[in-house]
Amino acid sequence: MGTRRADAERNIAAILEAGRRVLSADPGASVMQVAKEAGVGRVTLYGHFPSREALVGAVVTHTVELAGTTLAALDLDARPAREALAELVRSSWDVLSQHSRLFLAADAALPAERLRERHAEPLDRVERLIVRGRDEGAFRTDLPVTWLVSTFLAILHTAAGEVEAGRLAREEAGETLVRTLDALLSPAPA
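Residues numbered from 1 in each chain as written. Predicted model: local features only at pLDDT ≥ 70, side-chain atom pairs only at ≥ 80, totals over all residues. Heavy atoms only, no water.

Quick look at the pattern of salt bridges now. Evaluated as defined, the whole model comprises 11 salt bridges. Note that Arg5 and Glu9 form a salt bridge whose closest N and O atoms lie 2.5 Å from each other. Placement of both Arg5 and Glu9 in helix 1 (residues 2–25) is noted, with a separation of 4 residues, approximately one turn of the helix. The salt bridge partner of Arg132 is Glu136, with a shortest N-O separation of 2.8 Å. Of the two residues, Arg132 and Glu136 both sit in helix 8 (residues 120–136), 4 residues apart, roughly one turn of that helix. One network of salt bridges, with partners in common, ties together Asp77, Arg132 and Glu136. (Salt bridge = Lys/Arg side-chain N within 4 Å of Asp/Glu carboxyl O. Helix = DSSP H or I, 4+ residues; strand = E, 2+ residues; numbered from the N terminus.)

As structure tokens, this is what we get:
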């Protein structure tokens, strides 16, 4: 029984890593391409992930968890909220830009609410930072925090789409995001 469970865990890990690589290279990749890359058969893959939507959702969750490890290392509390926001945006973009095509696949395969659920931990970090920035007087208070957090996520995903479409240079996207989100969050003029 333990061997079967260990095999299943290894297969799941292989599928998630293969999905991350394959979908990051081609957002339209098929489930069979992921299975082949993972070294498993179609039946095995579908045994763990019964649909493409389930597979893409699990791969996004896996990728967000990997990114969370990188972002958790940031000491955002040690600097003012505006500086912390810029650091978070740059670091988030560094991670997102490596997987921008994966997030295009997720945008196409997952309903918006399911996609947001997959980003719960990073969005909690963003929300805490926005609330702190509001308390410091650095961020606007005239719009709901939940709206600002949702807009933050949407702008990051839009940047990924713009980079993939060739309308925004990948090397310029991080700073473009910093300026855009700083403008979004800055207090409204009196």
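Another point: the packing of helix 9 (residues 145–165) against helix 10 (residues 170–185). Contact geometry of helix 9 with helix 10 gives a least axis separation of 10 Å together with a crossing angle of 155°. On the basis of their axis angle, the class for helix 9 and helix 10 is roughly antiparallel. With respect to the hand of their crossing, helix 9 and helix 10 are arranged in right-handed fashion. Of helix 10, the residues touching helix 9 (which contributes Leu148, Thr151, Phe152, Ile155, Leu156, Ala159, Val163 and Glu164) are Arg170, Ala173, Leu177, Thr180, Leu181, Leu184 and Leu185. Its residues assigned to classes, the contact of helix 9 with helix 10 comprises 11 nonpolar, 2 polar and 2 charged. (Axes fitted to C-alpha atoms, helices over the stretch in contact; angles between N-to-C directions. Parallel < 35°, antiparallel > 145°, perpendicular 65-115°, else oblique. Left-handed = near helix turned anticlockwise from the far one by under 90°. Contact = heavy atoms within 4.5 Å. Nonpolar A, V, L, I, M, F, W, Y, C, P; charged D, E, K, R; others polar.)

Here the focus is the side chain of Thr63. One can find Thr63 in helix 4 (residues 52–72). Taking relative accessible area as the criterion, Thr63 reaches 2% and is therefore assigned buried. A polar contact is formed between the side chain of Thr63 and the backbone oxygen of Val59, at a distance of 2.9 Å. Among all residues touching Thr63, those that are not within four sequence positions of it are Arg20, His99, Leu102 and Phe103. (Buried < 20%, exposed > 50% of the residue type's maximum accessible area, 1.4 Å probe, protein only. Polar contact = N/O pair within 3.5 Å; in protein donor to acceptor, adjacent residues only side chain to side chain.)

Turning next to helix 9. For helix 9, with 21 residues, the first-to-last C-alpha span of 30 Å sits near the 30 Å given by 1.5 Å per residue. Of the residues making up helix 9, those classed as buried are Val145, Leu148, Val149, Thr151, Phe152, Leu153, Leu156, His157, Ala159, Ala160, Gly161 and Val163. Following helix 9 by one or two positions, Gly166 adopts a phi angle in the positive range, close to 80°. (Expected span 1.5 Å × (residues − 1).)

A residue-level look at the protein chain finds 95% of positions with pLDDT of 70 or above and a mean pLDDT of 87. Model confidence for the protein chain, summarised as mean pLDDT per element, is weakest for helix 7 (residues 112–118) at 70 and strongest for helix 2 (residues 31–38) at 95. (pLDDT = per-residue confidence, 0-100.)

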